[in-house]
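Observations on chain architecture
In case you want the letters, here they are:
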Amino acid sequence: MDLKNELHERTPVIPDARSRPPFMAGERESLEAWLEFYRATLPIKVGGLTAEQLCRAAVPPSSLSIAGIVRHLCDVERYWFATAVAGSDQPARYKAEDPDADFNGATEATALADVAAYSQELIHVRELAAKVTDLDAALPGLRHGQQLNLRWVYTHMIEEYARHLGHLDLLRESVDGATGY
């Protein structure tokens, strides 16, 4: 398929089948449920968009785009779960010389693949988190030279998604008028 045809393809439209976090749950179940709820929200928010729409900087003068946020969250997932939780030295998917390459490097040529990469990254990071049985145990990876635990990582990831899903709401509305989710 040539690039011209690929640019007219769209991300899949995902029906809202998210499981709402339970009102009565233990700590780990609650943290995981909220994180999974937010993870499941992202594909809904980007569903049905073309590569051009994914990459459009919709709120000038900001260069922030939907694809940039997807790429950022993919790298955030990889960093926190591969590096901090598992203690591996897996490089970021997008950041090279530019520390903001995840946000700034989105292109129409790669946007649909970037959305697919996000889904693939989640498979891997869920496996890594499942291996940790104690929310309080020090993780093998350090953050700024300090130890942290899975509770902290889950809480941080919930905050990260809440912030960026809010950005996605504004970007999506300015791209095609869609609101909510």
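1. Observations concerning the pattern of salt bridges
Side chains that differ in charge, positive against negative, can pair when their charged atoms come close. Under the definition given, this model contains 16 salt bridges. Between Arg 151 and Asp 136 there is a salt bridge whose closest N-O contact spans 2.3 Å. With Arg 151 in helix α7 (residues 150-176) and Asp 136 in the loop between α6 (111-130) and α7, this pair connects stretches of sequence that are 15 residues apart. Exposure remark for Asp 136: the relative accessible area of 48% places this residue in the partly exposed category. Via salt bridges that share partners, Glu 36, Arg 39, Glu 77 and Arg 126 belong to a single interconnected network.

2. Quick word on the side chain of Asp 114
By the secondary structure assignment, Asp 114 is in helix α6. With near-sequence residues (within four places) excluded, Asp 114 lies in contact with Val 70, Arg 71 and Tyr 94.

3. Regarding helix α2 (residues 27-46)
Its 20 residues place the ends of α2 30 Å apart at the C-alpha level, agreeing with the 28 Å of an ideal helix rising 1.5 Å per residue. Within α2, burial applies to Arg 28, Leu 31, Ala 33, Leu 35, Phe 37, Tyr 38, Arg 39, Thr 41, Leu 42, Ile 44, Lys 45 and Val 46. Residues of α2 that are buried in the fold lie against α3 (51-55), α4 (66-85), α6 and α7.

4. Describing the nonpolar core
Side chains of nonpolar character tend, in soluble globular proteins, to be buried together. Grouped together as the largest cluster of nonpolar side chains are 48 residues, with contacts concentrated most on Phe 81, Val 153 and Tyr 161. Of all the elements in the fold, those that place two or more residues in this core are α2, α3, α4, α6 and α7. Here this core takes 12 residues from α4, the largest share from any one element. Beyond its immediate sequence surroundings of up to four residues, Tyr 161 is in contact with Leu 35, Tyr 38, Arg 39, Leu 73, Glu 77, Tyr 118 and Leu 122.

5. What about the environment of Gly 68?
Within the secondary structure, Gly 68 sits in helix α4. Distance in space between the C-alpha atoms of Gly 68 and Asp 176 is 17 Å, their sequence separation being 108 residues. Not counting residues within four places of it along the chain, the set of residues in contact with Gly 68 comprises Asp 102, Phe 103 and Ala 106.

6. Things to note about the confidence of the model for the chain
A residue-level look at the chain finds 94% of positions with pLDDT of 70 or above and a mean pLDDT of 91. Across the chain, element-level confidence peaks in α2 with a mean pLDDT of 97 and bottoms out in helix α1 (residues 3-6) with 49.

7. Considerations on the packing of aromatic side chains
To describe a pair of aromatic rings, you give the distance between the ring centres and the angle between the ring planes. Tallied over the full model, the rule gives six aromatic pairs. Ring plane angle 85° and centroid distance 4.8 Å describe the contact between Tyr 79 and Trp 80, whose orientation is recorded as edge-to-face. Taking the relative accessible area as the measure of exposure, Tyr 79 reaches 28% and is therefore partly exposed. Under the relative-accessibility criterion, Trp 80 is labelled buried at 4%. Summarising the aromatic geometry, the rings of Trp 80 and Trp 152 are spaced 5.2 Å apart at their centres and angled 50° between planes, so their arrangement reads as tilted.

8. Some points on the state of the cysteines
Summed over the entire model, instances satisfying the criterion amount to zero disulfides. With no disulfide of its own, Cys 55 has Cys 74 as its nearest cysteine by sulfur position, at a separation of 15 Å. Judged by its relative accessible area of 0%, Cys 74 is buried.

9. Remarks on the packing of α2 against α7
Contact geometry for α2 and α7: axes closest at 9 Å, N-to-C directions at 25°. Classified by the angle their axes make, α2 and α7 are roughly parallel. Along this stretch, α2 crosses α7, giving a crossing that reads as left-handed. The residue inventory of the contact of α2 with α7, partitioned by class, reads 15 nonpolar, two polar and eight charged.

10. Some details on α7
One turn of the α-helix equals 3.6 residues, which is why residues spaced by three or four share an orientation. Its 27 residues place the ends of α7 38 Å apart at the C-alpha level, agreeing with the 39 Å of an ideal helix rising 1.5 Å per residue. Positive backbone phi, approximately 85°, marks Gly 177, located one or two places after α7.

Reading guide: rules and limits
Residues numbered from 1 in each chain as written. Predicted model: local features only at pLDDT ≥ 70, side-chain atom pairs only at ≥ 80, totals over all residues. Heavy atoms only, no water. Salt bridge = Lys/Arg side-chain N within 4 Å of Asp/Glu carboxyl O. Helix = DSSP H or I, 4+ residues; strand = E, 2+ residues; numbered from the N terminus. Buried < 20%, exposed > 50% of the residue type's maximum accessible area, 1.4 Å probe, protein only. Contact = heavy atoms within 4.5 Å. Expected span 1.5 Å × (residues − 1). Core = buried A, V, L, I, M, F, W, Y, C linked by side-chain atoms within 4.5 Å. pLDDT = per-residue confidence, 0-100. Phe/Tyr/Trp six-rings, centres within 6.5 Å; stacked < 30°, edge-to-face > 60°. Disulfide = S-S within 2.5 Å. Axes fitted to C-alpha atoms, helices over the stretch in contact; angles between N-to-C directions. Parallel < 35°, antiparallel > 145°, perpendicular 65-115°, else oblique. Left-handed = near helix turned anticlockwise from the far one by under 90°. Nonpolar A, V, L, I, M, F, W, Y, C, P; charged D, E, K, R; others polar.

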